[in-house]
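Each chain, written out:
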Amino acid sequence: MNKLFCLVCSMFLLAGQVYAKEPLAVKVDVLAKTSSSWNGSALPAYEEGVAEVTILRIAIPPGLRLPLHKHPVINAGVMLKGELTVTTKKGQVLHLRAGEPIVEVVDTWHYGKNEGKETAELIVFYAGVQGVPITVKATEGN
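Residues numbered from 1 in each chain as written. Predicted model: local features only at pLDDT ≥ 70, side-chain atom pairs only at ≥ 80, totals over all residues. Heavy atoms only, no water.

Chemist: In this structure, what is going on with the layout of surface pockets? I would like to understand it.
Modeler: The gaps left among the atoms become clear once a water-sized probe is rolled over them. As a volume, the largest pocket reaches approximately 350 Å³. Elements represented by at least two residues in the lining of the largest pocket include exactly strand S1 (51–60), strand S3 (74–81), strand S4 (83–88), strand S7 (110–113) and strand S8 (120–129). Counting residues per element, the lining of the largest pocket draws most heavily on S1, at four residues. Residue composition of the lining of the largest pocket, grouped by class: 16 nonpolar, seven polar and two charged. (1 Å grid on protein atoms, 1.4 Å probe; cavity = no way out; pocket = protein on both sides within 12 Å on 5 of 7 lines; lining within 4 Å. Points joined across faces, edges and corners; volume = space filled by probe spheres on them. Helix = DSSP H or I, 4+ residues; strand = E, 2+ residues; numbered from the N terminus. Nonpolar A, V, L, I, M, F, W, Y, C, P; charged D, E, K, R; others polar.)

Chemist: Sorry, what's going on with the nonpolar core here?
Modeler: If you look at the biggest cluster of nonpolar residues, it comprises 15 residues, and the most contacted ones within it are Trp-38, Met-79, Leu-84, Val-86, Ile-102 and Leu-122. Those elements giving two or more residues to this core turn out to be S4, strand S5 (93–97) and S8. At four residues, S8 tops the list of elements feeding residues into this core. Filtering out sequence-adjacent residues up to four positions away, Val-86 remains in contact with Trp-38, Gln-92, Val-93, Leu-94, Ile-102, Glu-104, His-110, Tyr-111 and Gly-112. (Core = buried A, V, L, I, M, F, W, Y, C linked by side-chain atoms within 4.5 Å. Buried < 20%, exposed > 50% of the residue type's maximum accessible area, 1.4 Å probe, protein only. Contact = heavy atoms within 4.5 Å.)

Chemist: Help me understand the sheet that holds S8 in this model?
Modeler: Two pairing modes exist for strands in a sheet, parallel and antiparallel, and in both the strands are linked by backbone hydrogen bonds. Strands sit in the order S1-S8-S3-S6 across an open sheet of four strands; the sheet is antiparallel. The open sheet has two edge strands with one neighbour each: S1 and strand S6 (101–103). With direction set aside, neighbouring strand axes in the sheet form an average angle of 15 degrees. Sheet topology places S1 next to S8; 10 bridges connect them, and they run antiparallel. When the bridges of S8 are listed, Arg-57 appears paired with Ile-123. (Pairing = 2+ DSSP bridges. Axes fitted to C-alpha atoms, helices over the stretch in contact; angles between N-to-C directions.)

Structure representation (structure tokens):
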């Protein structure tokens, strides 16, 4: 009787696991879909020329401030971990945390600073044109 009881209980447990499984499905979350950057500026039209996509994984140590720079091409990314504060030369500020998307400003001087306690990591996709740099660092006159 004891063996029969264990067998029946095992069958119910296995049957419950089989029926409890959800069907496999693709899940899609739209992180960003926009025609403007994070500061509200309209994104420019794409340049003429041969398209060139660049994907970078960027790691910024705690306390590090990136130099003042701008991007002549449209780019967007996602923070994988940590946090980053992005500030434009005009004083506009974006605080970005892990899991959040960013549609970066184009042709706008800005810098990022990791004010957190861990390395900030993000993946950034640049939709550029061959021969056009994705980043331009400021000189003393900027």
